Structures are given as structure tokens and as C-alpha cells.
Amino acid sequence: MSMFCYQCEQTAVGKGCAGAAGVCGKTEAVALLEDKLTGELIILAKVANRHKGDERTSMLILEGLYATATNVNFDAEAVEGLIKKVREERVRLFADSADCAAFDLAEIREQNEDIRSLKSLILFGLRGMAAYAYHALTLKISDEEVTAFFCKALEAVGDSALGMEALVALAMETGKVNLKVMGMLDKANTETFGTPRPETVPLAIEKGPFIVISGHDLRDLKMLLEQTDGKGVNVYTHGEMLPAHAYPQLKKHSQLKGNFGTAWQNQQKEFDGIPAAVLFTTNCIMPVKDSYKDRVFTTALTGFPGLPHIVEKGGAKDFSALINKAYSLGGYAEERPMVGINGGKTLTTGFARGTVMGAADTVIAAVKSGAIKHFFLVGGCDGAKSGRSYYTEFVKQAPKDTVILTLACGKYRFNDLDLGQIGGLPRIMDMGQCNDAYSAIMVALALAEAFKCGVNDLPLTLVISWYEQKAVAILLTLLHLGIKNIRLGPSLPAFVSPGVLDFLVKQFNIKPITTPEKDLAEILGGRNSG
């Protein structure tokens, strides 16, 4: 059996990765192990549906799905360990399942292309949703209906009897459940770390020892901040950790200084020779270069061969090795100025739904007066593939009477731009991490209620960049809500067949991006941009 993977946007030649390694750097051996892990999860779900799994079963399903997402785990030994745990859990629930073979994902690839496409859409959506459910569960928020759905949907992926109608309904249900899961994580984050509030975040790095923390796990950041209090070691966020600065219970730690670098796909260049320790809590980790390999640590489900992995014991993690590495490297001798992709020296974040809804009267008045004529949600996952400069140019060319809402790592294409303000609000408002699509959805629903119209009738257009499976989960949520006219890029998913694409176009009018000029003219009815 040979490797085949087409779950991310950068997949080889727009069709699928095969051969010795994927475009992401994952080896064939690891890719095949992750397929095997997925097959084991399908059998575990089938057993759990009949022999009632528990919280242990749920956590293992979430861990297994999350570990197979793009840029999470490159370590064959770690994946083999998960496979072993899944098998043991299946036998714990039902001893007679000991001799059951794992489901072979090749069976899906041999099915009708539309069936294969829908099952891939569901599976990849589950992987993205598992990430959000995992983070919520680590913060003690879970839901029995969500747990049951993961088992139901995984078993369905392995069911050869299901047809198009049933799979379309299951895909929409995946979006519905993901909305609930994002709400759970929103609740977990705000109850634990406080309601986000706007913050300006510097990009310059102060002199002295420091740690860079990447990924999405705010709980890991909180533990790290508690362990670095008063230690003379500064902490800088990276990538999707940027919104952490907006949470009061994290911002109160004075050593949380700023944000290091730009988007995740630039890490191999930006981490080259960095005099600091680096911690990856989740995706996106890229194959680690020798010039900084000796200072990178992983934790949770993230893994890369040869890197020290910090494990959790008794509900806590010991970051002393990471902190000591920061001491030994010493940091920069003097303050190091750094800038964003467009030359900006600071970033802003913290415009989650609490802030935006708190200014609802201002926003509504600005729309009614004509000061704000249109909202764009420009966000999603960033990546290295060409064509993503579209999003920078789109934002730059958007008329001055429009507002840009953004979230996830795609914002790094333009979040250091200063586009001015409308009614005291910045024209670019960062709503948070990718899971904070929940905030954007709640704001859209609130605006629709205020203007007594449907979401599709609002002066709002979604311009989405996708890369990995969390974006798939969010897209399914948007489709579940009936949101139409989404512009998606930089390319359409390789796993979406012509038949499924035709359905999405007819039902939801999904469109591929073209050029900023053409798309803006079409959206705004020919009104001049700029």
C-alpha cells in the first residue's frame, strides 16, 4: 500500500500527495500509520456505539482525529502509540473485538467519486472539529451529544451502504455539531481566561531570554506563564497564539510581551538561529531545520522525531526544561525590531463578539448612516502556496467605507496594515483564532436580528482562505446555517468531486476567488475600490 493524501490545500499538483512524502513534509510511513489510526478509530466508534464508551473513549477519539490533522504529528512512534491505545480501548469496551481488523481507508477511495468526496468532507470536518472539542475537554467542557455524534459519523464513514442523500445530510449535521463545539470552546476559553478585549501587540523582541509559544492551546500558555512568573524570561506568541493577548487572565502576566514573527508557514526562515526556546502546542509545526532543532519542544498531540516532548502528569506540565533552554540561549543582546508582512510594527487583536456587540449601537448607526456600507469577513488558514497575496490585495483595495473582520492565521497577510477607523472602530478587526469563527457567526446573527433580515441579506461577504481540516469544519458550519455566496480560495479542495461541487454551487452559490478587482466589483456592484 502506498501513500495518498489530499486533505489540505497544498496537496501535490492539486490532486493528492503520493510517494516518499507529502508536500507538508510528512513521510509515507507516517501517512500510512495515520491512515491506520483512522481505520482503528472507525472500528472503535463502531464498538462504542454498541458498548457505550465513556469519557476515556471520547478523549481517545478526539486525540486520534486531531493527531491526523495537517501539520500536527510527524512522529511515527507517537502515532504507533495512539494506535495501540485505540486498540486497547476497543478491547476494554468489548473483549470479543480483539481480533477485529482496522477499517481500510482504501475502501473509501475505491467507491464512487461523489461518495468518496462526501466521506472525505465528513472525515476531514471531524478532524477539524475534534481539535476544538479536544481543547474544550481539556478545560472541562464536554457534551454527550457531541461525543455520540463523533462515533456515529466515524462509523458512517466506514459504511459502504450509505448513499448521497444520507451523506449530504451527515455533512450538514457535522456543520451543525461543529457550531455547538465552537460554542463550547468559546465558553471554556472565556470562563477560564476572561472575555477578550482589544489589545495592541508589539512585534519588537526585547533583550534577554525568551520563549516563543506556537499553536492554539491557551491552557498550555497559561501554565507556561505561571511557571515563568518572576523568572526573567519573556514569552512571545506565534501564529494562532496571537489572540491570547486579548484574554485578561493571560495578559495579566507581565512577561507576555508581544508576538514573534508572521504566519506559521514562515517559521523555517524566522526560527533560523533564533536565540530562544520554542514550544509547539498544536498545529502548525513544519519539518524542523537543524539550525534551530536543538531548541524546539512539543507537547500534547504535536510531535516531530528527535524533539523533546513535554507530557502532562496529574493535570500539570513541567516546563522547566523549556525555561532552562531559554536561559542557556540568552535571547537577543539588544532589542530586536521586527515587522509584519507589510512592514507594520504592531498588531491588534481582541475584537471578539463581546467587544463588537458591545459597540452594536455604534455599528448599527454607522450602517444606517452610510458610514459603513459593507462588511467583509476575510480570514481562514494561511499557507505557503502561491495565490494567497490575493487576500492582502483584497483588503488593501476594499473601499474606505467597508470594515474587514478577520480571524485565524490568514489575517497575517494584512493584519499589520493601518486602514484607519470608522466611527471610532478600526477598519480591520481581528476576532481571534480559527475557532472564533463562532464569534463572527454570533455577530452576523445579531446584526441580522437588529436589521430584521436574514444573514444572506446583510451587507456582508465571506472571503475565506482554507488550508486544513479546521477550515473544512467551519465551512460545513456555514453551509449548515444556509450562508451563501462564500468566496473560497486560493484553490478549491482536491477532495471535492465535480458532482459535489455542482451541488454546493447550486445550493449555496460557493465561488472560487478570481482577482481582488473583479471580486470587489462584483460584490459591490461596480463601486470603485480603494
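Our structure's up above, just so we're on the same page.
Residues numbered from 1 in each chain as written. Predicted model: local features only at pLDDT ≥ 70, side-chain atom pairs only at ≥ 80, totals over all residues. Heavy atoms only, no water.

Peer 1: Mind showing me how you'd approach the pattern of salt bridges here?
Peer 2: Pairing between side chains of opposite charge can happen when the charged atoms of each approach one another. With the rule as written, the count across this model stands at 28 salt bridges. Note that Lys26 and Glu34 form a salt bridge whose closest N and O atoms lie 2.6 Å from each other. Comparing Lys26 with Glu34, the two get one shared label, buried. A salt bridge links Glu173 to Lys152; its shortest N-O distance comes to 2.8 Å. One end of the pair, Glu173, is in helix α7 (residues 164-193); the other, Lys152, is in helix α6 (residues 144-157), with 21 residues separating them in the sequence. Given the relative accessible area of 27%, Glu173 is considered partly exposed. Here Lys152 falls in the partly exposed class, since its relative accessible area comes to 42%. Via salt bridges that share partners, Asp54, Arg56, Glu89 and Arg92 belong to a single interconnected network. (Salt bridge = Lys/Arg side-chain N within 4 Å of Asp/Glu carboxyl O. Buried < 20%, exposed > 50% of the residue type's maximum accessible area, 1.4 Å probe, protein only. Helix = DSSP H or I, 4+ residues; strand = E, 2+ residues; numbered from the N terminus.)

Peer 1: Where do I start with the pairing of strand β12 (residues 402-406) in this structure?
Peer 2: Residues in a regular strand point their side chains to alternate faces of the sheet. The buried count for β12 comes to five of five residues, which makes it a mostly enclosed element. Residues Thr402, Ile404 and Thr406 of β12 are buried on one face, and the alternating residues Val403 and Leu405, pointing to the opposite face, are buried as well. Pairing analysis gives four bridges linking strand β11 (residues 374-380) to β12, with the strands arranged parallel. Looking at β12, one finds that Phe376 is bridged to Ile404. With respect to chirality, the unit in which β11 leads through helix α14 (residues 389-397) into the neighbouring parallel β12 is right-handed. (Pairing = 2+ DSSP bridges. Right-handed = clockwise from strand over helix to strand, strands pointing away.)

Peer 1: Is there a simple way to explain the packing of helix α2 (residues 55-67) against α6 in this structure?
Peer 2: Axes are the key here: two packed helices are described by the angle between their axes and the distance separating the axes. It is at 10 Å that the axes of α2 and α6 come closest, and there the two elements cross at 55 degrees. Relative to α6, α2 is oriented oblique. In terms of crossing hand, the pair formed by α2 and α6 is left-handed. Contacts between α2 and α6 involve Ser58, Ile61, Leu62 and Leu65 on the former and, on the latter, Thr147, Phe150, Cys151 and Leu154. Of the residues contributing to the contact of α2 with α6, the split by class is six nonpolar, two polar and no charged. (Axes fitted to C-alpha atoms, helices over the stretch in contact; angles between N-to-C directions. Parallel < 35°, antiparallel > 145°, perpendicular 65-115°, else oblique. Left-handed = near helix turned anticlockwise from the far one by under 90°. Contact = heavy atoms within 4.5 Å. Nonpolar A, V, L, I, M, F, W, Y, C, P; charged D, E, K, R; others polar.)

Peer 1: Hey, could you run me through helix α11 (residues 320-329) in this one?
Peer 2: Residue pairs three or four apart in sequence face the same way in an α-helix, which turns once every 3.6 residues. Three or more residues of α11 are buried, namely Leu322, Ile323 and Ala326. An end-on view of α11 places all buried positions within 100 degrees of arc, on one side of the element. Next to the buried residues of α11 lie β2 (210-214), α8 (218-228), β5 (277-280), β6 (296-299) and β7 (309-310). A positive phi of about 85 degrees marks Gly330, the residue just after α11. (Arc of directions from axis to C-beta.)

Peer 1: Got a minute to help me understand the packing of α2 against helix α3 (residues 76-93) in this structure?
Peer 2: Packing of α2 against α3 leaves a shortest axis separation of 10 Å and a crossing angle of 150 degrees. One element, α2, and the other, α3, form an angle in the roughly antiparallel class. Crossing angle aside, the handedness with which α2 passes α3 is left-handed. Along its contact with α2, which presents Arg56, Thr57, Leu60, Glu63 and Ala67, the element α3 presents Leu82, Lys85, Val86, Glu89, Arg92 and Leu93. For the contact of α2 with α3, the per-class residue count stands at five nonpolar, one polar and five charged.

Peer 1: Can you help me understand the side chain of Thr174 in this one?
Peer 2: Mapping Thr174 onto the fold places it in helix α7. On the basis of relative accessible area, Thr174 is assigned to the buried category, the value being 0%. The residues contacting Thr174, other than those within four sequence positions of it, are Ile122, Gly125, Leu126, Met129, Phe149 and Leu476.

Peer 1: When you look at the side chain of Thr349 in this model, what are you seeing that I'm missing?
Peer 2: Topologically, Thr349 is positioned in strand β10 (residues 346-349). Here the side chain of Thr349 touches Asp430 through a polar contact of 2.8 Å, side chain to side chain. (Polar contact = N/O pair within 3.5 Å; in protein donor to acceptor, adjacent residues only side chain to side chain.)

Peer 1: For this particular structure, what's the right way to read the layout of surface pockets?
Peer 2: Empty space among the atoms becomes visible once a probe the size of a water molecule is rolled across them. Within this model, the largest pocket holds a volume of roughly 840 Å³. Along the wall of the largest pocket there are 33 residues; nearest its centre are Glu63, Lys85, Tyr134, Ala300 and Leu301. In terms of residue count, the dominant contributor to the lining of the largest pocket is α3 (seven residues). Residue composition of the lining of the largest pocket, by class: 12 nonpolar, nine polar and 12 charged. (1 Å grid on protein atoms, 1.4 Å probe; cavity = no way out; pocket = protein on both sides within 12 Å on 5 of 7 lines; lining within 4 Å. Points joined across faces, edges and corners; volume = space filled by probe spheres on them.)

Peer 1: What am I meant to see in the sheet that holds β11 here?
Peer 2: The pairing of strands in a sheet comes from backbone hydrogen bonds and takes either a parallel or an antiparallel form. In space, the six strands of this open sheet follow the order β15-β12-β11-β16-β17-β18, with parallel pairing throughout. At either end of the open sheet lies a strand with only one pairing partner, and these are β15 (428-430) and β18 (511-512).

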